[in-house]
Amino acid sequence: MFYYVLKYVILGPLLRLLFRPRIEGLEHIPEDGAAIVAGNHLSFSDHFLMPAIIKRRITFLAKAEYFTGPGLKGRLTAAFFRSAGQIPVDRSGKEAGQAAIREGLGVLSKGELLGIYPEGTRSHDGRLYKGKVGVAVMALRAGVPVVPCAMVGTFEIQPPGQKLPKIKQVTVRFGEPMEFSRYEGMENEKAAIRAITDEIMYAILELSGQEYVDRYAADVKAELEPAKKFPRRRR
């Protein structure tokens, strides 16, 4: 119930007023039935802007850290994400990927929309990074279409580390639904799920116009962490 109050009464109208999102291809979202919406991830604002413009309810797999923060702020953040229909997923450990897939398949089995960011984390520099294969596994196991989505301009309004977004127009583009019935029964074949994932990422790339990096965003971020902690001194 609170999801729809948030969407149509509180947050949705405010986001539309402030950011005046330009929406393209909304007709590609199925009116009913299960489907996956796979998008790029540039900003914390993405969590709210995309759901605000989709008519149907959409459930996202969100990192568990949003639900486990300390103190009053942590509890309020967790309550907000739960009310917004987000499902916590622990991204650490060997079972993290399988846990996310189980949760996603549970949403799809109810005939609902599942939102997912195949990159696995926000882009730290505005580029599009290599997609993780969970989206392909879920699409094959559930037998559902994948709608590619591109957020354009959200990195500029709220890049990582910026607490409050700038008030500026953004664009949200949806591509035609992609179906992968030709790969039926191949969800355990690495080459097949890699091919599907790359096809989805290419569709997102065409919609977003980003520069593509054939590496996982998390790996690149990990390499940059030492430089942030121990910056080189000027001589």
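Residues numbered from 1 in each chain as written. Predicted model: local features only at pLDDT ≥ 70, side-chain atom pairs only at ≥ 80, totals over all residues. Heavy atoms only, no water.

> Can you walk me through the pattern of salt bridges in this structure?
Following the criterion strictly, the structure yields six salt bridges and no others. Here Asp125 and Arg127 are joined by a salt bridge, their closest N and O atoms 2.9 Å apart. Residue class for Asp125 comes out partly exposed when judged on its relative accessible area of 28%. Looking at Arg127, the relative accessible area reads 27%, which means it is partly exposed. (Salt bridge = Lys/Arg side-chain N within 4 Å of Asp/Glu carboxyl O. Buried < 20%, exposed > 50% of the residue type's maximum accessible area, 1.4 Å probe, protein only.)

> It is not clear to me how the nonpolar core should be interpreted in this structure. Could you clarify?
Side chains that are nonpolar tend, in soluble globular proteins, to be buried together. In terms of nonpolar packing, the biggest core is built from 32 residues, with Ile36, Phe180 and Ile200 touching the most fellow members. Secondary-structure elements contributing two or more residues to this core are strand E2 (35–39), strand E4 (87–89), helix H4 (96–109), strand E5 (113–116), helix H5 (134–142) and helix H7 (190–208). Looking at this core, the element that brings in the most residues is H7, giving eight residues. With residues near it in sequence (within four places) discarded, Ile36 still touches Leu108, Leu114, Ile116, Val135, Met138, Ala139, Val144, Pro145, Val146 and Val147. (Core = buried A, V, L, I, M, F, W, Y, C linked by side-chain atoms within 4.5 Å. Helix = DSSP H or I, 4+ residues; strand = E, 2+ residues; numbered from the N terminus. Contact = heavy atoms within 4.5 Å.)

> Whenever I open this one, the pairing of strand E3 (residues 58–63) confuses me. Can you help?
Along a regular strand, successive side chains alternate from one face of the sheet to the other. The buried fraction of E3 is high, at five of six residues. Bridge count between E3 and E5: three bridges; the pairing is parallel. Directly across from Thr59, in E5, lies its bridge partner Leu114. For the segment spanning E3, helix H3 (residues 71–83) and E4, crossover handedness is right-handed. (Pairing = 2+ DSSP bridges. Right-handed = clockwise from strand over helix to strand, strands pointing away.)

> Looking at this structure, I do not really get a nonpolar patch on the surface. What am I missing?
Together, Phe2, Tyr4, Tyr8, Val9 and Ile10 line one region of the surface with nonpolar side chains, adding up to about 500 Å² of accessible area. Topologically, Val9 is positioned in helix H1 (residues 2–19). (Patch = residues over 30% accessible without salt bridge, like charges linked within 9 Å, V, L, I, M, F, W, Y side chains within 5 Å. Areas by Shrake-Rupley, 256 points an atom, 1.4 Å probe, with all protein chains shown as cover.)

> Would you mind going over the packing of aromatic side chains with me for this structure?
Within the structure shown, the criterion is met by two aromatic pairs. Ring centres of Phe44 and Phe48 lie 5.3 Å apart, and the angle between their planes is 70°; on these two criteria the pair is classed as edge-to-face. With relative accessibility at 18%, the residue Phe48 sits in the buried group. Both rings, one in Phe60 and one in Tyr117, keep their centres 5.3 Å apart while their planes meet at 25°; by these two values the pair is stacked. Placement of the pair is Phe60 in strand E3 and Tyr117 in the loop between E5 and strand E6 (128–129), with a sequence separation of 57 residues. Side by side, Phe60 and Tyr117 carry an identical accessibility label, which is buried. (Phe/Tyr/Trp six-rings, centres within 6.5 Å; stacked < 30°, edge-to-face > 60°.)

> Looking at this model, I keep getting lost on the sheet that holds E2. Mind explaining?
Strand pairing in a sheet is mediated by backbone hydrogen bonds. Such pairs are either parallel or antiparallel. Taken together, seven strands build an open sheet; the order of strands is E1-E8-E7-E2-E5-E3-E4 and the sheet is mixed. At either end of the open sheet lies a strand with only one pairing partner, and these are strand E1 (22–24) and E4. When strand polarity is set aside, the average angle formed by the axes of neighbouring strands in this sheet is 25°. Across the sheet, H7 touches E2, strand E7 (146–152) and strand E8 (171–174), and the angle it forms with E7 is around 35°. (Axes fitted to C-alpha atoms, helices over the stretch in contact; angles between N-to-C directions.)

> Would you mind going over the packing of H1 against helix H2 (residues 46–53) with me for this structure?
Between two packed helices, what matters for the description is the angle formed by their axes and the separation of those axes. One way to put it is that H1 packs onto H2 with a least axis distance of 9 Å and a crossing angle of 105°. Looking at the two axes, H1 sits roughly perpendicular to H2. Here Tyr3, Lys7, Leu11, Gly12, Leu15, Arg16 and Phe19 of H1 come into contact with H2, specifically with Phe48, Leu49, Pro51, Ala52 and Ile53. By residue class, the composition of the contact of H1 with H2 is nine nonpolar, one polar and two charged. (Parallel < 35°, antiparallel > 145°, perpendicular 65-115°, else oblique. Nonpolar A, V, L, I, M, F, W, Y, C, P; charged D, E, K, R; others polar.)

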